[in-house]
Amino acid sequence: MVKTKGLLIDTTKCIGCQLCALACKEANGLPGEEEEELSATAYTVVKEKDDIYYRRLCMHCNDPTCRSVCPVGAFEKTPEGPVIYHAHKCIGCRYCLQACPFGVPTYEWHKRAPKVRKCTMCYERQKQGKIPACAEACPTGATIFGDRDELIREARKRIKENPDLYVDHIYGEKEAGGTSVLILSSVPLETLGFPGNLPDRPLPELTWAALKNVPSIAIFGGAFLYGIWWIIDRRMELAEYKNKQRESKSKEDVDKLVDQ
Amino acid sequence: MSVKLPFKITFWKVALLLIWLAGLVAAIVRFTGGLGAATNLSDKFPWGLWVGFDVITGVGLAAGGFTLAAAVHVFHVKRFYPVLKPAILTAFLGYVLVIVGLLFDVGRPDKIYNPLFMGNFHSALFEVAMCVMFYTTVLFFEFSTNIFERLGWRGPKRWIGKVTIPLVILGVVLSTMHQSSLGSLFLIVPGKLYTFWYSAGLPLLFYVSAIAVGCAMVIFESHLSFRAFGHRLKKDVLADIGRILLVVLVMYLLMKIYDFYMRGVWSEFFIPRMETWLFWLEILAGVIAPIVLLSIKKVRLSTRGLYAASVCTIIGFLLNRLNVSTTGFIASSGVSYFPSWMEIATTLALVASGIFVFAMAVRYLPIFEYPEETSHKVKPAPVIEEALELETFQDSSAEGKKF
C-alpha cells in the first residue's frame, strides 16, 4: 500500500519570496512572471494579508469534489495523494470550477481547445522520485513534502511547542473530508479568504445522497406508471365493451320487434 | 411564399434576421477566439447565461412535453390531446436548442459525446448529459409521427403507435430524472450558492417547478399560436390545465415554505441587498401572483386571465433558474458578472430560431390537427371477454345468494 503524500505549509515560516511560484512555473513549463491569482498559467501563488504570507494551490482533497462532479471522470485521485487531470477526457463543462470549494481549477478561456489547469502536486516529478518543485524551492521550510500522516504529526508537534504562535487547527486535516495539503497559520484561515464553513464530511456525499436514489426511482417510477396505465386502460376497455354489448342487445331487441 | 402576410410579420422577419446576424457574429467570435473572447465568464464565475438560460432554463421550459404526454397517454385524459402535439413539438425544439446551446458553452464541443463512453455515476452532470441524449431521442420519435403523417407513411407511424406507451413512460422517467438532476447539480455548492436558493431539496423543487412551467408553457403557446395562426383555442382544456397549474404552484409554495422553515432563514428575508429583491420578485411575481390569479374562477375561465397567469409563472421560473445558476453565485464569487452582448445575442438567436421552427412546423405539419373523438378499440381481447364472463358469473352468483 502506497502511503498518501502531502504538503505541509506553515504560513508563519513563509517570507513571501515567491520562489515556490517561480519553481512551479518552471517545472510545469508555464509562461509569465509572478501572478496575483491562480490562473491557467499559475498553479500556485503567494499572497499577503496583514504581513502574513500564504499560498494558494490545489488542496488535493481525499475525496475530491472535482472528481465527483466531472461527468467524464477526467479527474483522478492517485493512491499517492495528488489529484490529477486527464485532458483527453475533458469536454470543458467547467463544473469542476463551479463546484470546487477552494476555487482552485482554472480554465484556458482564450484557447480554441482549452483545458482545465491546476496544481498536480508534481505527480510526474514524484513518479521520477523527485519531490514537488515548490517544496524543493522553499528556502525556509515553509512548504515541506512528506507522508500525510507524518505531516499531521509534525504539525501537531509545532502547535504544541508554540501554542502562542499558531491557531490550534490544522487546516485540511478534516476540511471537506480532509485534504493532502495541510496549512498551519497564526490566524484562522477564513480571515485569509479560505472557506471557513466547510463540513468535515466530503462534499460529494451531498450529491450522492440524491443520486443514489435515481436507479430505484427510475425503475419503480416506470413500473408504477405502467401499472397505472394498464389499470385505467383495462377499465376503459371493459366499460366500452359493456356499452357495445348493451347497444347490440338493444339493437337485437329492436330487430325482434321489427320482425314481429 | 404565402401571400397573406400582415405588416407586423414582416417587422418580425426583419427583427429575426438581425438577431440571427448578431448570433452569427457571436458564434464566429466564440469558435475562433474561445470562450474568453465571447463571454464575460472567468475562473471565478465559470457558469453564466449560456448554462443558466440556454441549458438549465431551456430544459425546464420543455417540461410541458412529458407532463402532457403522461396526462394523455398514461392517465388517459384524452381531452388534453389537442394540446399534446404542440407541447411535444415545444419540448423537442427545446431540447434541440439546449444541445445547440451546450455546443456553444462547453469548451470542447468536439468531445461532447464523451459522457457516453466515460461516464462518472457520481456526477449529477453525467445524469443530465445522459437524459439530454436519451430524452431528445424519445422526443424525436414522439414528434416523428407528425412527419410520417404528413408524408403519408403509414408503416412507421403505426410502428411508433405500437410502442407509444413504453415510449411515453420512458420519456416521463427520463424527464423526472432530468428535471430533478438539474437541481442536484447545485447540491455540491453549499458554501457558494446564496442561502435563499441552496437547499437539500433542490432536486424536488426543480422537478415540481418544471411541471408548473410545463403547464404554463402549454397555455402560453396555445394562446400565441391562436393569435399568430388563428388556431382555435380549446378553452375548457386550457382552463383545466390552469387548474392543474394552480395545484402544482400551491404545492411548490408549500414546499418552499417548509424548506425555509427547516433551514430557519427567515431573518435573511429583509436584508436589503440584490439577492433579497430578486428573491421577492421571484416568489411574488412568479408564484404568489399566478396562485392568486388562478384561484379566481372568473380569471381561470377567461383566456386573458389564464394567459396572464401563465406569463407570471414563466417569468418566475426564469428568475428562479437564473438565480440558482448564476446570480446566486455572485456574492460568493467576489466578482460581478453580467453577460456580454455576444452571450445575449446567441441566446436570443436560439430563442428566435425556436419560435421560427415552431411556426414553420405548425404551418407544414399536422400539429394542430387531431381526431375529434379518439375512440377505443372495438374488439376486446379474449382475456377481456373472459374477465367479463367472470364478472357476470360473480354477479349471478351474488344474485343467487340473495334468493
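Computed from a predicted model, the values in this text were never measured in an experiment.

Another point: the overall build of chain B. If you tally the helices and strands in chain B, you get 16 helices and 0 strands. The proportion of buried residues among the 403 residues of chain B is 42%. Contacts in chain B between residues far apart in sequence, at least 24 positions, make up 80% of those at least 6 positions apart.

Let us look at the overall build of chain A. Of regular secondary structure, chain A possesses 8 helices and 9 strands. The C-alpha atoms of chain A give a radius of gyration of 31 Å, which is well past the 18 Å a tight globule of 260 residues would have. Referenced to the eigenvectors of the C-alpha coordinate spread, the extents of chain A come out at roughly 120 × 45 × 40 Å. Residues counted as buried form 40% of the 260 residues belonging to chain A.

All names here are of chain A. Along its 14 residues, helix α6 (residues 148-161) runs 20 Å from first to last C-alpha, staying within 8% of the 20 Å computed at 1.5 Å per residue. Residues R148, L151 and A155 constitute the buried set of α6. Within α6, the buried residues cover an arc of 55° as seen down the axis, which keeps them to one side. Facing away from the buried side of α6, by more than 90 degrees, are the exposed residues D149, R153, K157, K160 and E161. In this structure, the buried side of α6 is in contact with β1 (5-10), β8 (143-147) and β9 (181-184).

Let us look at helix α12 (residues 274-295) of chain B. All names here are of chain B. In this model α12 runs 30 Å from its N-terminal to its C-terminal C-alpha over 22 residues, within 8% of the 32 Å that 1.5 Å per residue would give. Bending of α12 peaks at approximately 30° at the position of I288, with proline P290 no more than four residues after it. Turning to α12, its buried residues number three or more, namely F279, E282, G286, V287, P290 and L294. Looking at the buried positions of α12, the neighbouring elements they touch are α11 (235-263), α13 (297-301) and α14 (303-333).

Listed as interface residues are 54 residues of chain A and, on the opposing side, 47 residues of chain B. It is helix α8 (residues 214-259) of chain A that contributes the most residues to the side of chain A that touches chain B, 16 residues altogether. Of the residues contributing to the side of chain A that touches chain B, the split by class is 33 nonpolar, 13 polar and 8 charged.

The next subject is the environment of D168 of chain A. All names here are of chain A. Following the sequence through the fold, D168 ends up in the loop between α6 and β9. According to the C-beta neighbour criterion, D168 is exposed, with 8 such atoms within 10 Å. In this structure the C-alpha to C-alpha distance between D168 and V187, which are 19 residues apart in sequence, comes to 9.5 Å. Those residues in contact with D168 that lie beyond four places of it in its chain are I159 and P163.

Residues and elements named next belong to chain B. Locating G305 in the fold gives a position in helix α14. A count of 18 C-beta atoms within 10 Å places G305 in the partly exposed class. Linking G305 and A239, residues 66 residues apart in sequence, is a C-alpha distance of 10.0 Å.

On to the packing of helix α9 (residues 164-184) of chain B against helix α10 (residues 202-229) of chain B. Residue and element names in this part refer to chain B. Relative to each other, α9 and α10 sit at 130°, their axes nearing to 7 Å. Looking at the two axes, α9 sits oblique to α10. Taken as a pair, α9 and α10 cross one another with a handedness that is right-handed. In this structure, α9 contributes T176, Q179, S180, S181, L182, G183 and S184 to the contact, and α10 contributes L202, P203, L204, L205, F206, Y207 and A210. Residue classes in the contact of α9 with α10 are distributed as 8 nonpolar, 6 polar and no charged.

This paragraph deals with the packing of α11 of chain B against α12 of chain B. For any two helices packed against each other, the geometry is given by the interaxial angle and the distance between the axes. Residue and element names in this part refer to chain B. Running from N to C, α11 and α12 point in directions that differ by 140°, and their axes come no closer than 9 Å. Taken as axis vectors, α11 and α12 run oblique relative to one another. Once α11 is placed against α12, the crossing between them reads as left-handed. Seen from α11, the contacting residues are G242, L245, L246, L249, V250, Y252 and L253; seen from α12, they are V287, P290, I291, L294 and S295. When the residues that make up the contact of α11 with α12 are grouped by side-chain class, the tally is 10 nonpolar, 2 polar and no charged.

One frequent convention defines the size of an interface as the accessible area lost when the parts assemble. Along its sequence, chain A is organised into domain 1 (5-202) and domain 2 (213-260). Between the C-alpha centres of domain 1 of chain A and domain 2 of chain A the distance comes to 66 Å.

Attention now goes to the pairing of β1 of chain A. Two faces belong to every sheet, and in a regular strand the side chains alternate between them. Residue and element names in this part refer to chain A. In terms of burial, β1 is largely enclosed, as 6 of its 6 residues are buried. Here β1 shows two buried faces, one formed by K5, L7 and I9 and the other by G6, L8 and D10. Examined bridge by bridge, β1 and β8 share 5 bridges and lie antiparallel to one another. By the bridge assignment for β8, K5 is matched with D147. Bridge count for β1 against β9 is 4 bridges, and the pairing is parallel.

Moving on, we come to the pairing of strand β2 (residues 45-49) of chain A. Pairing between β2 of chain A and strand β3 (residues 52-56) of chain A: 5 bridges, direction antiparallel. Paired with V46 of chain A across the bridge in β3 of chain A is R55 of chain A.

What follows deals with the sheet that holds β8 of chain A. All names here are of chain A. Spatial ordering of the open sheet is given by β8-β1-β9, a layout of 3 strands whose pairing is mixed. The open sheet terminates on both sides in strands that have one partner only, identified here as β8 and β9. Strand after strand, the sheet turns through a mean of 25° between neighbouring axes, direction not considered. The strands touched by α6 are β1, β8 and β9; relative to β1, the strand with the most contacts, the crossing angle is about 20°.

A separate point is unusual backbone geometry. Residues and elements named next belong to chain A. Backbone geometry places Q18, a non-glycine residue, at a positive phi of 70°. You can see Q18 is positioned in the loop between β1 and α1 (19-28). The exposure class of Q18 is partly exposed, given the 17 C-beta atoms found within 10 Å. Positive phi values are uncommon outside glycine, yet H60 reaches one of about 55°.

Take the confidence of the model for chain B next. Residue and element names in this part refer to chain B. Predicted confidence across chain B gives a mean pLDDT of 87, with 89% of residues reaching 70 or more. Here residues 373-385 is a poorly scored stretch, pLDDT under 50, and it has 12 contacts once near neighbours within four places are set aside; other chains count. Contacts of residues 387-403 to residues separated by more than four positions or lying in other chains number 2 contacts, the stretch itself having pLDDT below 50. Interface scoring of the predicted complex returns ipTM 0.89; its pTM is 0.88.

Cut-offs applied
Residues numbered from 1 in each chain as written. Chains lettered and ligands numbered in written order. Predicted model: local features only at pLDDT ≥ 70, side-chain atom pairs only at ≥ 80, totals over all residues. Helix = DSSP H or I, 4+ residues; strand = E, 2+ residues; numbered from the N terminus. Buried ≥ 20, exposed ≤ 12 C-beta atoms within 10 Å, placed from the backbone. Contact = placed C-beta atoms within 7 Å. Rg over C-alpha atoms; globule rule 2.2 N^0.38 Å. Expected span 1.5 Å × (residues − 1). Arc of directions from axis to C-beta. Bend = angle between axes of the 7 residues up to and from the residue. Nonpolar A, V, L, I, M, F, W, Y, C, P; charged D, E, K, R; others polar. Axes fitted to C-alpha atoms, helices over the stretch in contact; angles between N-to-C directions. Parallel < 35°, antiparallel > 145°, perpendicular 65-115°, else oblique. Left-handed = near helix turned anticlockwise from the far one by under 90°. Domains from an automatic or database assignment. Pairing = 2+ DSSP bridges. pLDDT = per-residue confidence, 0-100.

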